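What the coordinates show
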Amino acid sequence: MTTEPVDPDPTEALRVRVAAVDDDTIMRDGLPVLLPQIEVVASFADADALLAASPEAEVVLLDLKLAGTGQVPILQGPPAVHAVVAAGYRVLVYTNERRRAVLVNCLAAGACGVVHKAEPLSALSDAVTRVAKDQIIITQALTGLAELAERRGRLTALTPRERQVLSGRARGESFRSIGERLFITDRTAEGYMKGVTGKFAAFLRDHSPADLEHYLGLEPADLTDWQPPRPRP
Amino acid sequence: MRTTVVSNAFAYVGFSVLTRFLVGYLRRLGADADFGDLPLEISVDLVTGVVLAPVTADALQRALATLLANVRLHAGASSVVVHGDADQAQGMWGNNRTGRRPRLRHRDHPARLRTACTGGTGPGSAGSQRARALGARRRHDYHPAWTNGVPL
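Only a predicted model underlies this, so the values are computations on that prediction, with no experimental measurement involved.

Remarks on the overall build of chain B
Along the backbone of chain B there are five helices and three strands. Helices (α) and strands (β) of chain B occur, in sequence order from the N terminus, as α-α-β-α-β-β-α-α. For chain B, with 152 residues in total, the buried portion stands at 49%. If you take every contact in chain B between residues at least 6 apart in sequence, the share linking residues at least 24 apart comes to 76%. Here chain B has roughly 7,600 Å² of accessible surface; of this, 50% comes from carbon and sulfur atoms.

Okay, structure coming up:
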């Protein structure tokens, strides 16, 4: 994850209501215990069940790979992200998936962020809080792709400061270190990075999978295997 | 280390394949038995087209392996980023309006590798001394040309 884990305000975090979709029983039942500062209002084994129940939640924590019974194809992966986003939820992908093309696809489908299951629980809690505030959370690998897009002239809306902060974050530099180097506070550096992730997510959503493969140097068909349905004019 | 195998491939196949092998080596670091225990994030997209002389590539791989070994011993990091970049001042990406993928214009511009660790204590003194001996800076910057005097 690219954001520094910051202890959220407890009173603020309590207001974040989360619905979880995971095929792992331990994850579904364990999240309320592991994240006491987050209100887990419901948990489901698949995205269809979530959509049918339509719980009141500000963030949906969505696992990408859902096992199902194997008998009937189930809604999972980027199509599940798209369906849940279309239902009006903010989606935070919580997964072990590391393939960049898949993660790019999820952001292009409207996900607000990606957190790996290997991350500390504090990072997950922090990401949930941030996503509830409409911030974009991306992984280190995706930060590298954002830098690649910027270097190839595809993120033209970035300000010079945003480019400097992105360059530091892509190299694993902390916000504190970036702040000291650029003579700004770490909060200010964090603010610039928010701008970068927002523009990068918009870039992913606004371009076709074929263009993204071209711009980001991903292997052909990595993204074009699945395309979000586009509204008819 | 698999540098011997890679170096042989460099020697026999030539420069263009050398580059591919170098980036492939870096990307395989996370799955490699030597560093599979480290929480590596490999970010080397910006040096995909960089061409290195075989002796330089070999030195770079050994230096990177040394840095990572020191990170393993001393940093206690929860995340280790290996980042590669090429100097834009020397000419970075070619014209991408041709419809083809952008490619590096020059084969003689400097490339840099950097490792950074988070969540730990940072490099120990032994690692820092070794890094200084290699011409690296505190942030583990590594410039291959500093090590053996072979310009890129």
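Read on, since the account is not over.
Brief notes about the packing of helix H8 (residues 160–170) of chain A against helix H10 (residues 186–206) of chain A
Residue and element names in this part refer to chain A. Interhelical geometry of H8 versus H10 gives an angle of 90 degrees and a closest axis separation of 9 Å. On the basis of the axis angle, H8 is roughly perpendicular to H10. Contacts between H8 and H10 pair Arg161, Glu162, Val165, Leu166 and Arg169 from the former with Ala189, Tyr192, Met193, Gly195, Val196 and Lys199 from the latter. Among the residues forming the contact of H8 with H10, the class breakdown is six nonpolar, one polar and four charged.

Comments concerning the nonpolar core
In this structure, A:Leu61, A:Val81, A:Leu92, A:Leu124, A:Phe200, A:Phe203 and A:Leu204 are the most contacted members of the largest nonpolar core, which totals 74 residues. Those residues within four positions of A:Leu204 in sequence are excluded, and the remaining contacts are A:Val104, A:Leu107, A:Ala108, A:Leu212 and A:Leu216. B:Phe35, B:Leu38, B:Ala65 and B:Val82 belong to the second largest nonpolar core, which has eleven residues in total.

What about the pairing of strand S5 (residues 113–116) of chain A?
All names here are of chain A. Both faces of S5 are covered, namely the face carrying Gly113 and Val115 and the face carrying Val114 and His116. As judged from the four bridges shared by strand S4 (residues 90–95) and S5, these two strands associate in the parallel manner. Looking at the pairing, Tyr94 lines up with Val115 of S5.

Focus: the packing of aromatic side chains
Within a pair of aromatic rings, the relevant descriptors are the distance that separates the centres and the angle that separates the planes. All names here are of chain A. Using the criterion set out here, one finds two aromatic pairs over all chains in the structure. Ring centres 6.3 Å apart and planes at 20 degrees place the aromatic pair Phe200 and Phe203 in the stacked group. Placement of both Phe200 and Phe203 in helix H10 is noted, with a separation of three residues, approximately one turn of the helix. Here the two residues Phe200 and Phe203 agree in accessibility, since each one is buried. Judged by centre distance (6.2 Å) and plane angle (35 degrees), the ring pair of Phe203 and Tyr215 falls under tilted. With Phe203 in helix H10 and Tyr215 in helix H11 (residues 209–216), this pair connects stretches of sequence that are twelve residues apart. Accessibility expressed as a relative area gives 14% for Tyr215, which makes it buried. Site record: aromatic cluster; members linked through ring pairs are Phe200, Phe203 and Tyr215. Its guanidinium or amino end placed over the ring of Phe175, Arg169 lies 4.0 Å from that ring's centre, counting from NZ or CZ.

Concerning helix H4 (residues 77–86) of chain A
An α-helix turns once every 3.6 residues. As a result, residues three or four positions apart point the same way. All names here are of chain A. Within H4 the residues assigned to the buried category are Gly77, Pro78, Ala80, Val81, Ala83 and Val84. Elements that come into contact with the buried residues of H4 comprise helix H3 (47–53), strand S3 (59–62), S4 and helix H5 (100–108). Residue Gly88 follows H4 closely and has a positive phi angle near 100 degrees.

So, the pattern of salt bridges
All names here are of chain A. What the rule picks out here adds up to 15 salt bridges over all chains. Between Asp22 and Lys117 there is a salt bridge, with the nearest N and O atoms lying 2.9 Å from each other. Of this pair, Asp22 sits in the loop between strand S1 (17–21) and helix H2 (25–34) while Lys117 sits in the loop between S5 and helix H6 (121–132), and the two are 95 residues apart along the sequence. Accessibility expressed as a relative area gives 4% for Asp22, which makes it buried. Two residues, Glu162 and Lys199, come together in a salt bridge whose shortest N-O distance is 2.8 Å. In this pair, Glu162 is assigned in helix H8 and Lys199 in helix H10, connecting sequence segments 37 residues apart. Residue classification places Lys199 among the partly exposed positions, given a relative accessible area of 28%.

Digging into unusual backbone geometry
Residues and elements named next belong to chain A. Even without being a glycine, Ser54 presents a positive backbone phi close to 45 degrees. Mapped onto the secondary structure, Ser54 falls in the loop between H3 and S3. A residue is classified by how much of its surface remains accessible, and Ser54, at 48% relative accessible area, is partly exposed. Positive phi outside glycine occurs at Asp134, with the angle close to 65 degrees. Counting through the fold element by element, Asp134 comes out in the loop between H6 and helix H7 (140–151). You can call Asp134 exposed: its relative accessible area is 54%.

Notes on the confidence of the model for chain B
All names here are of chain B. Here chain B shows a mean pLDDT of 56. Residues at 70 or above account for 32%. Across chain B, element-level confidence peaks in strand S1 (residues 40–43) with a mean pLDDT of 81 and bottoms out in helix H1 (residues 3–13) with 26. Low pLDDT, under 50, characterises residues 89–109; the stretch is placed with 46 contacts to residues that sit more than four places away or in other chains. Predicted complex, confidence summary: ipTM 0.72, pTM 0.69.

Cut-offs and rules
- Residues numbered from 1 in each chain as written.
- Chains lettered and ligands numbered in written order.
- Predicted model: local features only at pLDDT ≥ 70, side-chain atom pairs only at ≥ 80, totals over all residues.
- Heavy atoms only, no water.
- Helix = DSSP H or I, 4+ residues; strand = E, 2+ residues; numbered from the N terminus.
- Buried < 20%, exposed > 50% of the residue type's maximum accessible area, 1.4 Å probe, protein only.
- Contact = heavy atoms within 4.5 Å.
- Areas by Shrake-Rupley, 256 points an atom, 1.4 Å probe, with all protein chains shown as cover.
- Axes fitted to C-alpha atoms, helices over the stretch in contact; angles between N-to-C directions.
- Parallel < 35°, antiparallel > 145°, perpendicular 65-115°, else oblique.
- Nonpolar A, V, L, I, M, F, W, Y, C, P; charged D, E, K, R; others polar.
- Core = buried A, V, L, I, M, F, W, Y, C linked by side-chain atoms within 4.5 Å.
- Pairing = 2+ DSSP bridges.
- Phe/Tyr/Trp six-rings, centres within 6.5 Å; stacked < 30°, edge-to-face > 60°.
- Lys NZ or Arg CZ within 6 Å of the ring centre and 35° of its normal.
- Salt bridge = Lys/Arg side-chain N within 4 Å of Asp/Glu carboxyl O.
- pLDDT = per-residue confidence, 0-100.

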